[in-house]
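# Chains, contacts and geometry: an overview
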Amino acid sequence: LTGRSRVTAVTVEPKPVFAVLGSGSWGTALAVHIARTGHRTILWGIETDELAAMTRDRENRRYLPGTPLPDGLEIEPDFARAVTQADQLLVVVPSHAFREVLQKVKPRLRCDQRVAWATKGFELASGKLPHEVASEVLGPAVPTAVLSGPTFAKEVGAGLPSAMTVASRDEAYAMSLARSLSSDNFRVYPSGDMVRVEVGGATKNVLAIGAGISDGLGFGANTRVALITRGLVELTRLGVALGADKETFMGLAGLGDLVLTCTDDQSRNRRFGLALASGKTPEQAQAEIGQVVEGVLAARAVRDVAQKVGVEMPISEQIYRVLYEGAPARDAVIALMGRTVKTETA
């Protein structure tokens, strides 16, 4: 020994900069969480007045009241600046705005940037899932991922323990994003099945409206659990027809998300169903909630896609009839109970 110690240099990779595109309740909650993990985080939204209020108050008082914005979270009203400063984009807008946002992203996208989303729902005009829209707009070479699972914005914002799934066809990207987003109270599981995650996220919102209607009409716990269980069969059936793995629907972004959304009044879709059961029109129920109820448009999109691929979805069909054909909610339940008897797996 020479008496001299040898020091080995350790290279620490810098944490990626995140830009969250969409400043509603879920976009804000995710941005808050990401900033807490130590990433520089930029939050953009379309409503500049509200962004100014968030900058001033350090809180999203409209969509996520009671959750202070961390120091590491920057509010950026300029879309181009938000996109170009980031390494990782996370799109968190309603499904009807998803394509438009990606079209704005495309001319500003660098070859080293990656795009993920927490948007749920089929595109209404085309019946395409978000990953299909992203591939069409951005091209297949851009690494993409979807984030979904049984989580409410308020609880994520409060830092309560939560778990989600991130799915990508790029295994290394799914793992990298899962590690970036995970923390002591936020667990993210990587997956390669984007279809399963997206079908589960789209369809559970429709079924949650049905659960709200059922509970609002006083049909009780037996009816609710029957609706959830048979609803899982429906969304699994649709997902498999679109290329998903049947077994994966028992995970967080399938069964987990469905149970959460159907049983807790933090769900806007469930509350929408409760309002319909009380006698309100869909327009009145939407106005009362004051935020986008994804299940309303999803009911039409799910029905169209199911008919296109020849998948039977009786619960979703009855919810569609209530929303778009004026069918009384009680009659919809009677119609379901009066269907021809089949085996449980049929």
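Heads up: these notes are all about the structure in this document. Just so you know, these numbers come straight off a predicted model, no measurement behind them.

Glancing now at the sheet that holds strand β5 (residues 73-75). One open sheet holds the eight strands; their spatial order is β5-β2-β1-β6-β7-β8-β9-β10, and the pairing between them is mixed. The sheet is open, and its two borders are formed by β5 and β10 (186-191), each paired with just one other strand. Ignoring which end each strand starts from, the neighbouring axes of this sheet average 25 degrees apart. Note that strand β8 (residues 144-148) and strand β9 (residues 162-167) share three bridges and pair antiparallel. Counted as the bridge partner of Leu147 is Val166 from β9.

Here the focus is unusual backbone geometry. Where the residue is not glycine, phi is negative for most of them; where a peptide bond is considered, it is trans in most cases. In this structure, Arg58 takes a positive phi of about 55 degrees despite not being glycine. Secondary-structure assignment places Arg58 in the loop between α2 (48-57) and β3 (59-60). Assessed through its relative accessible area of 27%, Arg58 is described here as partly exposed.

Now for helix α1 (residues 25-36). Taking 1.5 Å of rise per residue, 12 residues should cover 16 Å, and α1 covers 17 Å from first to last C-alpha, within 8% of that figure. Counting buried residues along α1, 11 of its 12 residues qualify, which places the element largely inside the surrounding structure. Here α1 has its buried residues at Ser25, Trp26, Gly27, Thr28, Ala29, Leu30, Ala31, Val32, His33, Ile34 and Ala35. At the C-terminal side of α1, Gly38 shows a positive phi close to 100 degrees.

Examined bridge by bridge, β3 and strand β4 (residues 64-68) share two bridges and lie antiparallel to one another. Looking at β4, one finds that Asn60 is bridged to Leu64. What sits between β3 and β4 in their antiparallel hairpin is a turn of three residues.

With that out of the way, let us pick up the packing of helix α9 (residues 220-241) against helix α14 (residues 314-324). For the pair α9 and α14, the least separation of the axes is 8 Å and the interaxial angle reads 100 degrees. Relative to α14, α9 is oriented roughly perpendicular. Across the interface between the two elements, Leu227, Arg230, Gly231, Glu234 and Arg237 from α9 touch Pro314, Ile315 and Ser316 from α14. Among the residues making up the contact of α9 with α14, the classes are represented as three nonpolar, two polar and three charged.

Scoring rules and cut-offs
Residues numbered from 1 in each chain as written. Predicted model: local features only at pLDDT ≥ 70, side-chain atom pairs only at ≥ 80, totals over all residues. Heavy atoms only, no water. Pairing = 2+ DSSP bridges. Helix = DSSP H or I, 4+ residues; strand = E, 2+ residues; numbered from the N terminus. Axes fitted to C-alpha atoms, helices over the stretch in contact; angles between N-to-C directions. Buried < 20%, exposed > 50% of the residue type's maximum accessible area, 1.4 Å probe, protein only. Expected span 1.5 Å × (residues − 1). Parallel < 35°, antiparallel > 145°, perpendicular 65-115°, else oblique. Contact = heavy atoms within 4.5 Å. Nonpolar A, V, L, I, M, F, W, Y, C, P; charged D, E, K, R; others polar.

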